[in-house]
Each structure stands twice: as C-alpha cells, then as structure tokens.
Amino acid sequence: MTVYWKKVKGHSQTSSPDKDGNDEADRLAKLGVEQGMALEFRDEWLPLILRSCRRVRALCAVTTLNLKPHLKTADEREEEEQRLKFPSGLDELRELANLLKFYKTEHTSYVFILYCSAYLYKQSFAIPGSSFLNMLAGALFGPWHGLLIACTLTTVGSTSCYLLSCTFGKCHIVRLFPEKVAMLQRKVEQSRSSLFFFLLFLRFFPMTPNWFLNVTSPMLNIPIPLFFFSVLIGLIPYNFICVRTGAILSEIQSLDDIFSWGTLLQLLLIACVTLIPGTLIRRHSQSHLKLDGLESNRHQMVLNDRKTR
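Residues numbered from 1 in each chain as written. Predicted model: local features only at pLDDT ≥ 70, side-chain atom pairs only at ≥ 80, totals over all residues. Heavy atoms only, no water.

Another point: the overall build of the chain. Counting its secondary structure elements, the chain contains 13 helices and 2 strands. Taking all 309 residues of the chain together, 33% fall into the buried category. Taking the intrachain contacts of the chain between residues at least 6 apart in sequence as the baseline, contacts between residues at least 24 apart amount to 75%. Split by element, the accessible area of the chain, about 20,000 Å² in all, is 62% carbon and sulfur. (Helix = DSSP H or I, 4+ residues; strand = E, 2+ residues; numbered from the N terminus. Buried < 20%, exposed > 50% of the residue type's maximum accessible area, 1.4 Å probe, protein only. Contact = heavy atoms within 4.5 Å. Areas by Shrake-Rupley, 256 points an atom, 1.4 Å probe, with all protein chains shown as cover.)

Given below as structure tokens:
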C-alpha cells in the first residue's frame, strides 16, 4: 500500500505497541512528503517494528534492574554500613546474613576474609559472642564447610588469646580473678596425670566460660600443644550446634530454640564421658604409686634386717 502523510488526531496518548506503530507510520509518511516522494509501507513491516519496540523496552527494563544496586543513594549506603556490625540478637544476625549473602554472590573471597578477620578479632581478645559468628558461618557457608571454618578459627583465635595472655596479661588476670585462678590451679594440679581429658571435659561442659579458660591457661602451666588440641576437639559439639542452627536461621525464633534443655543435656553427657578415661588413668597411676611404695618399703625392711644381723 502507498502511504501519504496526514496528521491523525485520533492516536492514543497512552504508550502501547499500537501507538508506537502508528507513530512510526506517521514519521515515514511525513518524511516521504517532505522529500517529494511517497514511501511504500508494507504490511509485514508492522510486526517487525512492534517486535523491535518491545525488545528495546525490555532491554531498558533489564538495564535499569542491573544498574539499580549500583545507583544507591547516600542514605542507602549509610544504612548498609550501619548494618555491617557484630550482631547482638537474632534479628540483627538475619539482616547481616542476608547482606553478606548478597555480597557473597560476586565477592566470595572478600566476604570470607571479612568473616575470618572478625572471628579472629573476637577470639584473640576474648570478646564473648562467638555463638552468633558460628551461626553466621552456617548461614553463609553451609553446615559442613561452616563447621570446618568455625573450628579452625576458634582454635587459631584461642591460641592467639593464649599467647597474648602469656605475654601481657598474667599479672592483670591474677589481680582481677585471684580466687577463680587459684581454684582452677588446684583442679589442674589434681588432674595433672590426665590433664588432656580434664581440659576436654571443661571444653565439652556447656556452662564453662571458654574465654576465661583461654586467658588463664598460661597461668595454669598448661602446655600449648595440649591447649591447642583440647580446643580443636573439645569445641566441636558446641560449634556444630551453632553452625547447624545458622543453616536454618530463618526457622529460629529465639535463642531458647538453640540451647534447649535437650541440647544442654547432650553436651553434659558428652562432657561426662570424657571424664571416664581421665578417671581410669588417675586410678591406674595411683595404684602404681601404691605398689611402688610397697616395694620400696619392703626393700627398706630387708636392708634393715640385714644390717641388724
């Protein structure tokens, strides 16, 4: 068909594929009149034009969505910076987990370095609150990878705390907690023959303040290899419970759901089991000491008899 330009007043002002096609037809017709020739507009062109308009519109929409995260206002950036802090409750933990998950999709290594640095900072300076970071490990890295990361960082951070306390904090710890340090010193000396199992018991026991054990271990003359492996093995159950909880963070309503009476009884049972080898070793060593004492007394009596003869 042959189209001559004529202004059509009945065009709709609402954006739609029909309006776009009509406007394109008007433009071509007007161009033909201005150049002194008529432009042929074929019927099969209209679907192509409409399809092109839809593609351009879709491309603009996708581009807008992709650029939206990078076109944040100053208030939005400041709000995200305020959310990037140590959580003190489950609501803050969920917000932090969602924020780090978003960044982890494109910056996995940076999120991992940030998490490790924050964990080592809290452990090295004996700052309570590692349970929230353990749950965050489960939310970010999954239950098994999160458990491996949490156990490794707990051991390294606790060892750093041991070294810092040994170097700078001995006099201050004794001055601030004289009675508790003396009580622990007596317990350690009583269990010196089975010290590793005693340390495992303290780590397994759910009510033990781990930060206090970290800072007082140098004063208790605990060798650093025993300290290292007691932390690595002894905190696996506690870390596993926290990491597993973090993996299902959206289903947790309060901290009571994490440390229920059943969970505490399980940890207490594990702690009691670790006392069995230590008890057996201590009894075995005491029986040997008694036998050695009897043998030495008998030998002394024989010598005395010979002298009297």
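Let us now look at the packing of helix α4 (residues 90-104) against helix α6 (residues 130-141). Contact geometry for α4 and α6: axes closest at 10 Å, N-to-C directions at 35 degrees. Relative to α6, the crossing made by α4 is right-handed. Contacts from L90, L93, L96, A97, L100, K101 and K104 in α4 reach F132, M135, L136, A139, L140 and F141 in α6. Of the residues belonging to the contact of α4 with α6, the class tally is 11 nonpolar, no polar and 2 charged. (Axes fitted to C-alpha atoms, helices over the stretch in contact; angles between N-to-C directions. Left-handed = near helix turned anticlockwise from the far one by under 90°. Nonpolar A, V, L, I, M, F, W, Y, C, P; charged D, E, K, R; others polar.)

Let's shift gears to a nonpolar patch on the surface. Together, F86, Y121, F125, L164 and F168 give the surface a local cluster of nonpolar side chains, amounting to about 530 Å² of exposed area. In this fold, Y121 is placed in helix α5 (residues 108-124). (Patch = residues over 30% accessible without salt bridge, like charges linked within 9 Å, V, L, I, M, F, W, Y side chains within 5 Å. Salt bridge = Lys/Arg side-chain N within 4 Å of Asp/Glu carboxyl O.)

Applying the stated rule across the entire model yields 14 aromatic pairs. Judged by centre distance (6.0 Å) and plane angle (85 degrees), the ring pair of F112 and F141 falls under edge-to-face. Of the two residues, F112 sits in helix α5 while F141 sits in helix α6, which places them 29 residues apart along the sequence. Looking at F112, the relative accessible area reads 34%, which means it is partly exposed. Judged by its relative accessible area of 16%, F141 falls in the buried class. Between Y115 and Y119, the ring centres sit 5.9 Å apart and the planes meet at 55 degrees, which makes this aromatic pair tilted. With Y115 and Y119 both in helix α5 and 4 residues apart, this pair spans about one turn of that helix. The exposure classification of Y115 matches that of Y119, with both residues buried. Clustering of aromatic rings is evident, with ring pairs tying together F112, Y115, Y119 and F141. Looking at K122, its charged tip hangs above the ring of F86, at a distance of 4.6 Å from the centre. One cation-aromatic arrangement involves K180 over F212; the distance from NZ or CZ to the ring centre is 6.0 Å. (Phe/Tyr/Trp six-rings, centres within 6.5 Å; stacked < 30°, edge-to-face > 60°. Lys NZ or Arg CZ within 6 Å of the ring centre and 35° of its normal.)

It is the rolling of a water-molecule-sized probe over the atoms that shows where space remains empty. Of the pockets and cavities examined, the largest pocket occupies roughly 510 Å³. Forming the walls of the largest pocket are 30 residues, and the residues nearest its centre are S130, T208, P209, N210 and Y238. Of all the secondary-structure elements, those providing two or more residues to the lining of the largest pocket are α5, α6, α7 (143-176), α9 (195-204), α10 (210-216), α12 (236-247) and α13 (261-308). Here the residues of the lining of the largest pocket are counted per class, giving 16 nonpolar, 12 polar and 2 charged. (1 Å grid on protein atoms, 1.4 Å probe; cavity = no way out; pocket = protein on both sides within 12 Å on 5 of 7 lines; lining within 4 Å. Points joined across faces, edges and corners; volume = space filled by probe spheres on them.)

Along the chain, N98 falls in helix α4. Distance in space between the C-alpha atoms of N98 and A139 is 8.8 Å, their sequence separation being 41 residues.

The pLDDT averaged across the chain works out to 75; a share of 56% of its residues lies at or above 70. The weakest mean pLDDT in the chain belongs to strand β1 (residues 2-3) at 45; the strongest belongs to α5 at 94. This model gives residues 1-10 a pLDDT under 50, and the stretch forms 16 contacts once residues within four places in sequence are excluded. This model gives residues 288-295 a pLDDT under 50, and the stretch forms 0 contacts once residues within four places in sequence are excluded. (pLDDT = per-residue confidence, 0-100.)

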